[in-house]
Each structure stands twice: as structure tokens, then as C-alpha cells.
Amino acid sequence: MLQALDLSNTYVDFDNDCPLFHDLAQQDLNRLAEMSRLRVLRAGQNLCEQSSPSGRVFNIVSGSAVVERISSAGRRQILAFVFPGDFVGLSNSEYFEYGIRSLSGVSAYEFPRHRLVELSEASAGLKANIKNIRNMVLALTFDQIFLLGQKRAHERLCFFFLHMLERLPGARPDCIRLPMCRQDIADFLGLTTETVSRSVAKLKRDGLISSPTPQTICIRDMEGVRELADIS
């Protein structure tokens, strides 16, 4: 089994723009730094594995990862893609109901969950930040449920491209470089890879996007893509 590198003594420099650290007092940031360690993973390694004890939570520093759940029959559903600044790993269970796997190499701060919860009870700012993160996750979950239940394949892809445009560091309408493969996209959108490929081809024929490489998407008609992606 591949193991992540532990760099416990690495200098901690929390980004105040991250939802977990936003507007925290320096005292709270210091206490978070004291309880954290930096994890560095290569592509394909896991921050946590499904069904492992859920005593840790993570804040992504660099790279990209996927939150995935595997059924007893071996089928996979991707629940989310995570990027720098994302806080993941909160659970109401003693065991993770999902795994978090690095896509392109990841570094992340790891915190003991029970100590983070204890600190949040003493820090109104941290408690509010965690509540806001839970609310954002819930909102994204509702969007995904609606997407899977109501949208056709090419409409789901339009939603996905706009989602990546908003969340993927460095993404621009004329150049969205995807760190995930088409199988990952299919497992996120509840499609097959063949359907993803056909839907990409349809959007290209309709002049909505171009795709210079399999990992690069360029939005040519933003209004058209937004109309198809709409979930309001």
C-alpha cells in the first residue's frame, strides 16, 4: 500500500482566504498550527480510505483530489472533486464512508477531528467557519442530486464545466485544464465514459465548446453553456 509522506515539522502558513481559516484570531490560528501536520501525497495515493477510522480531517493546500465511494458490488460514485482551500473529512460516523484520493499530487494539513471540534467550541469564529463549510457541502450535494435526476447528459457536462471554471485554480473560459480523466467525470455525473465522449462531441458540433486535448475544455458560447447548465 502506498503511504503518504508525513512532514510534521514543516512550517505552517495558513491561507486566511480558505474557508476554515477565514478571519480567525491569531491565537486560534496558532492552536490550529500546533495540532496540524502536513501530508504530501503522490498521484493515486489516499488521504483517507473508505471504512477507515474517521479521526482526521484535512485542508487541501495544493493539488487536486477526488472524494469517492465504492459500493459492495465494486461500483464507484465520485461525490466531489477538491482543490486548494477545500476542507474535507468531517463525518458523523466513526468510520469514513468514502475515500479521498489524490489526482495530481496533493499536500494537505491534517487535524485530529476531536481536537478541532474541541477548539471550535471555544472559538466562535472557527465554529462559524465549520458551519459555513457544512452548509456549502449541503448546497453542492443538492445541486448534484438535482443534476443527476433532471439533466440530460450534455446538460450535466455544461454544469460540470462551469463548476470547474468556478473552482479549479487558474481556470479560464478559454482554457479549463482538467486534472481528472473522463472516467472520473463519468463517475461524478452518473454517466458512462462513452456517453461523456458523445456529449462532448455534441457540444463541440453545436459550437458551445472546443477541446484541443482530452484534458482541455474551451467554452466558446458562455451564454449557451449557462442556459443548458441552469439548475434553478
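Structural notes, computed from the coordinates. (Residues numbered from 1 in each chain as written. Predicted model: local features only at pLDDT ≥ 70, side-chain atom pairs only at ≥ 80, totals over all residues. Heavy atoms only, no water.)

A few words on the overall build of the protein chain. Of regular secondary structure, the protein chain possesses seven helices and twelve strands. The C-alpha radius of gyration computed for the protein chain amounts to 19 Å, which stays within 12% of the reference 17 Å derived for 232 residues, consistent with globular compactness. Its C-alpha atoms give the protein chain principal-axis dimensions of about 55 × 40 × 30 Å. The proportion of buried residues among the 232 residues of the protein chain is 46%. Put simply, 70% of the contacts in the protein chain that link residues at least 6 apart link residues at least 24 apart. If you sum the accessible surface of the protein chain, you get close to 12,100 Å²; carbon and sulfur atoms cover 50% of it. (Helix = DSSP H or I, 4+ residues; strand = E, 2+ residues; numbered from the N terminus. Rg over C-alpha atoms; globule rule 2.2 N^0.38 Å. Buried < 20%, exposed > 50% of the residue type's maximum accessible area, 1.4 Å probe, protein only. Contact = heavy atoms within 4.5 Å. Areas by Shrake-Rupley, 256 points an atom, 1.4 Å probe, with all protein chains shown as cover.)

Among the residues of helix α1 (residues 26–35), those classed as buried are Asp28, Leu29, Leu32 and Met35. The buried residues of α1 occupy an angular sector of 130 degrees when projected down its axis, which confines them to one face. Facing away from the buried side of α1 by more than 90 degrees, the exposed set consists of Gln26, Gln27 and Glu34. As for α1, its buried residues are in contact with β2 (37–41), β9 (106–112), α2 (113–122) and α3 (124–150). (Arc of directions from axis to C-beta.)

Turning our eyes to something else, we now look at the packing of helix α5 (residues 182–189) against helix α6 (residues 193–205). Relative orientation of the contacting elements α5 and α6 amounts to 100 degrees, with a least axis distance of 8 Å. The angle between α5 and α6 falls in the class roughly perpendicular. Side by side, α5 and α6 meet where Arg182, Gln183, Ile185 and Ala186 of the first sit next to Thr193, Val196, Ser197 and Val200 of the second. Split by residue class, the contact of α5 with α6 holds four nonpolar, three polar and one charged. (Axes fitted to C-alpha atoms, helices over the stretch in contact; angles between N-to-C directions. Parallel < 35°, antiparallel > 145°, perpendicular 65-115°, else oblique. Nonpolar A, V, L, I, M, F, W, Y, C, P; charged D, E, K, R; others polar.)

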